[in-house]
Amino acid sequence: MKNLSYYITLCFLLVPCTAVCQDTVKRHLLHEVRVSAQAPPSETYTSTPTQVVTVEKIEQSGAVQLSDAVKQMNGVTVKDYGGVGGIKTMSARGLGSQFSSLIIDGVAVNDCQNGQIDLGRYLLGNSAYVSFSNAQHDTPLQSARAFAAGNVVMMETLNPTFKEYRPFNLKVGFEGGSFHTYSPTLSFERRVTKKLSYTLWGNYITSKGDYPFTLYYTPTQQDSSSRERRTNSRMWMATADANMFYTINSQHDITAKAHYMQSRHELPGPVIYYHTKESEHSEDRLFFAQAKYRYNGKRVKAQAIVKYQLTDDLYEDTAATSRIRNTYLQQELYGSGTAVYRPVDGLKLSLASDVAYNTLVSNLEKNNLVKRISSLTVLAVAYDNSWLSASANVLATIAEEMATTVSTKTSGNPMSKQAYRRFSPYAGLNVKPFKNAGLRVRYFFKENYRIPNFNEMYYYSITRELKPEKATQHNLGLTYLWRRQSTTTNNQPASQERVTSRPYNTDYRLQLVADAYYNRVSDKLIAIPVQNMFLWSMINLGRVDIYGVDAKLDYTMAIGRYSLTVGGNYAFQQATDRTDRQSKTYGHQIPYTPRNSGGASIYFETPWIDLGYAAMIVGSRYYRQQNTDDTRLKPYCDQGITLAHTFSFSNGSRLKLKGQVLNIFDVQYEIVRSYPMMGRNYRISAVFEL
């Protein structure tokens, strides 16, 4: 049954979606327009492949964590260590998770300790959209840190809107799920004046995480097995978020955010036959406060950003024979400024500069104080008109760091110093070859330079001399967008005496995106878990070549109060070690990188009920550098269904009820070796809005 569901879904994914609708009313083709009011990035006009999960898609899919939205992105690999509380990181196109930057409201979230962001720490309850761009976001007005990324995930906080008769909005929600998962949410928005408003949002989530799984006693999974249950998996996480929006006038505005997260996760560890370890846990605190000022003039646009971030992590193993307690306190002071000048229509010149000061204090015996000061500067030029969009920039990276062992006997003992310098170019192009067609062709080239993070350099159990990763990206793709809108008059007899004319709108939209790419990474850093998801080992591979294709199709049909959305995507990726021809791993796929992956979704909205179906397919991967049958992870297909209904009341309030069945065929699979994922599970939620 499980294999049958896998192949049925695969066939559905590869079958093109078509729809034919006819009526007798004259139709008008509406050309593409750009919307500026908190609109998500365009998927069509950009030279870099961009994907967007809007607030509507977030609600449809029931996405809770940022990782839930990123999993919907084509060509993105999410490493999930299982359960609600498992760490979730991402990589795309063979570039590791450290190449990806998370941008919240235009400000980057940084982590010098491990260089990767746990996507499970960030929730989507007050988000307007989540976008993902390969290489960089295609706009001149952004921070230098955003220009420097190999891939960019952007989260944008939802700007509040108010009704004339009520200066506040209130939202109360509760979600419950399998294995004792509970999550209440509270959101409050207030308009102080016409120019000033603020939002407060809070969430608490807890889970026992004791889901069942099948333990196979041999790698072939053909022999004996037993049904087990995940242990040491309890977690809780509390999040609070406050935002301020102040519009000074049409040219000046200020936004500010304060964010706090605190959590505790038990670490279940890998599942190994005849071996259990239930003595590890981690505790985390994350706080950041940021403010952004923007000036929007006729010829000049500018922004300034300031931010303070504190990250406090604790790892503890309470085993009686070897008690371990490691603490890491990281702080960052960050400032950024960007100016864009438009000398003539269509041409933009920009300069962006960032400065950051990072410190990391730990209780380890060596290198327990690490400092880094870094600066990024970008000079960029862009030109666009109705058929052409071209951009280029060069990034200068300068960084210096020092690791020190501080003891009670001395004030400080410098152990090592490192300095980094690099120039990295980028060029992108988007062309519309035919005036009256929605076809566009794009290309970009980019060089990336990634400095090893503090964990890689100083704290991994296997110490190595690591070099910075250097990556080059090439992408050639096309996008096609077709849309037809019309208004139909439907004559319906209201009674025997008269006939009424009731107009309704129809909207058909088809989008096709396809990109082929080639990436080369020199001195690629590969993370391999040693004992658990907290302790890792790092190695440098001399060279990795990555070839791939990403393709996506979306079709939407809306007729009056009914709408149907169908989507499908496919990604092929070959990421192989090309370091040494004499090596046993030469030509082998790098760990945890599937060659084939894809997904499909259907969502049908009616006045009475909303129905949804989604599937994610991931091909086989290998968890070691050497690809053998013993190191192969089996392919899997994860499918889910959604059922929702919204009640509207006369006072303008709404109550939305939703139920989901995830992994409906109870497929047993692993994303990371020996970390089994949840089988069939359930979610129900209720959200009341006033």
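Parameters at a glance
- Residues numbered from 1 in each chain as written.
- Predicted model: local features only at pLDDT ≥ 70, side-chain atom pairs only at ≥ 80, totals over all residues.
- Heavy atoms only, no water.
- 1 Å grid on protein atoms, 1.4 Å probe; cavity = no way out; pocket = protein on both sides within 12 Å on 5 of 7 lines; lining within 4 Å.
- Points joined across faces, edges and corners; volume = space filled by probe spheres on them.
- Helix = DSSP H or I, 4+ residues; strand = E, 2+ residues; numbered from the N terminus.
- Nonpolar A, V, L, I, M, F, W, Y, C, P; charged D, E, K, R; others polar.
- Phe/Tyr/Trp six-rings, centres within 6.5 Å; stacked < 30°, edge-to-face > 60°.
- Buried < 20%, exposed > 50% of the residue type's maximum accessible area, 1.4 Å probe, protein only.
- Lys NZ or Arg CZ within 6 Å of the ring centre and 35° of its normal.
- Core = buried A, V, L, I, M, F, W, Y, C linked by side-chain atoms within 4.5 Å.
- Contact = heavy atoms within 4.5 Å.
- Pairing = 2+ DSSP bridges.
- Salt bridge = Lys/Arg side-chain N within 4 Å of Asp/Glu carboxyl O.
- Axes fitted to C-alpha atoms, helices over the stretch in contact; angles between N-to-C directions.
- Patch = residues over 30% accessible without salt bridge, like charges linked within 9 Å, V, L, I, M, F, W, Y side chains within 5 Å.
- Areas by Shrake-Rupley, 256 points an atom, 1.4 Å probe, with all protein chains shown as cover.
- Polar contact = N/O pair within 3.5 Å; in protein donor to acceptor, adjacent residues only side chain to side chain.

Within this structure, the stated rule accounts for six cavities of 30 Å³ or more. What the largest cavity holds in volume is close to 640 Å³. Contributing to the lining of the largest cavity are 34 residues, with Q98, N110, R145, L376 and R450 lying nearest its centre. For the lining of the largest cavity, the secondary-structure elements that each account for two or more residues are β4 (100–104), β5 (107–109), α4 (144–148), β18 (347–362), β19 (369–384), β20 (388–405) and β22 (439–450). Broken down by class, the residue content of the lining of the largest cavity amounts to 17 nonpolar, 12 polar and five charged.

Moving on, we come to the packing of aromatic side chains. Pairs of aromatic rings are described using the distance from one ring centre to the other and the angle between the two planes. Applying the stated criterion across every chain, the model contains eight aromatic pairs. Taken together, a centroid distance of 6.2 Å and an interplanar angle of 25° make the contact between F168 and F188 stacked. With F168 in strand β8 (residues 168–177) and F188 in strand β9 (residues 181–191), this residue pair connects regions lying 20 residues apart in the sequence. Ring plane angle 55° and centroid distance 5.9 Å describe the contact between Y562 and W608, whose orientation is recorded as tilted. One end of the pair, Y562, is in strand β26 (residues 562–577); the other, W608, is in the loop between β27 (596–605) and β28 (610–618), and 46 residues separate them in sequence. For W608, a relative accessible area of 57% corresponds to the exposed category. Grouping aromatic residues by their ring pairs yields a cluster made of F168, F188 and Y198. Taking NZ or CZ as reference, K307 lies 4.6 Å from the ring centre of F288, over its face. Here R578 stacks its cationic end above the ring of Y586, 5.1 Å away from the centre of that ring.

In this section: the nonpolar core. For soluble globular proteins, nonpolar side chains are generally found buried alongside one another. Counting residues in each nonpolar core, the largest one holds 31 residues, and the members touching the most others are L66, L102 and Y122. It is helix α3 (residues 66–70) that contributes the most residues to this core, three residues altogether. The contacts of L102, once residues within four sequence positions are left out, are L66, V107, A108, V109, I117, Y122, V153 and M155. One finds Y328, Y420, I451 and L466 within the second-largest nonpolar core, a separate group that totals 14 residues.

Moving on to the pairing of strand β15 (residues 280–296). Of the strand pairs in this sheet, strand β14 (residues 252–266) and β15 are connected by 15 bridges, and their pairing is antiparallel. For H265, the partnering residue across the bridge sits in β15 and is S282. Summarising the sheet, β15 and strand β16 (residues 300–317) pair through 17 bridges and their orientation is antiparallel. From the neighbouring strand, H281 faces β16, where its bridge partner is E316. Here β15 folds back onto β16 in antiparallel fashion, the turn holding three residues.

Our focus in this paragraph is unusual backbone geometry. At A135, a position not held by glycine, the phi torsion is positive, near 75°. Among the structural elements, A135 can be located in the loop between β6 (127–134) and α4. Phi is positive for D666, which is not a glycine, with a value near 55°. Assignment of secondary structure puts D666 in the loop between β32 (654–662) and β33 (670–672). The exposure class assigned to D666 is buried, which follows from its relative accessible area of 18%.

It is worth spelling out the pattern of salt bridges at this point. Per the counting criterion, the structure on display carries 25 salt bridges. Salt bridges sharing common partners tie together E43, K552 and D554.

With respect to topology, five strands assemble into an open sheet ordered β1-β6-β7-β4-β5, the strand pairing being mixed. The open sheet has two edge strands, β1 (50–54) and β5, and neither has a second partner. On average, each strand axis in the sheet is inclined to that of its neighbour by 25°, with strand direction left out of account. Here β6 pairs with strand β7 (residues 151–157) via seven bridges, running antiparallel. Bridge pairing in β7 places Y129 opposite E156.

Pairing of β18 with β19 involves 15 bridges; the strand directions are antiparallel. Counted as the bridge partner of S350 is A380 from β19. Where β18 folds back on β19, the antiparallel hairpin that results is connected by six residues, among which N367 adopts a positive phi of roughly 55°. Direction of pairing for β19 relative to β20: antiparallel, over a ladder of 16 bridges.

The next thing to look at is a nonpolar patch on the surface. Nonpolar side chains collect at one region of the surface, where V172, L186, F647, F649, L657 and F688 lie side by side and expose about 500 Å² of accessible area between them. When you line up the elements, L186 lands in strand β9. Among the residues examined, L186 registers a relative accessible area of 48% and is labelled partly exposed.

Here the focus is the side chain of Q473. By secondary structure assignment, the location of Q473 is in strand β23 (residues 469–493). Ignoring any residue separated from it by four or fewer positions in sequence, one finds Q473 in contact with L95, A135, G150, F444, F445, K446, N448, Y518 and N519.

This brings us to the environment of P184. Relative to the helices and strands, P184 resides in strand β9. Its relative accessible area of 35% is what places P184 among the partly exposed residues. Measuring from C-alpha to C-alpha, the distance between P184 and N203 comes to 5.9 Å, with 19 residues separating the pair along the chain. Ignoring sequence-local partners within four residues, the contact set of P184 consists of G173, F174, G202, N203 and Y204.

So, about the environment of N367. Summarising the element assignment, N367 is placed in the loop between β18 and β19. On the accessibility criterion, N367 (12% relative accessible area) is buried. The spatial distance from the C-alpha of N367 to the C-alpha of T404 is 5.0 Å, given a sequence separation of 37 residues.

Before going further, it helps to spend a moment on the environment of Y443. Tracing the backbone through its elements, the reader meets Y443 in strand β22. Taking the C-alpha atoms as reference points, Y443 and L478, 35 residues apart in sequence, are found 8.8 Å from one another. For Y443, the residues in contact, after removing those within four places along its chain, are S47, A427, G428, L429, H474, N475 and L476. Among the polar contacts listed, one links the side chain of Y443 to the side chain of H474, at a separation of 3.0 Å.

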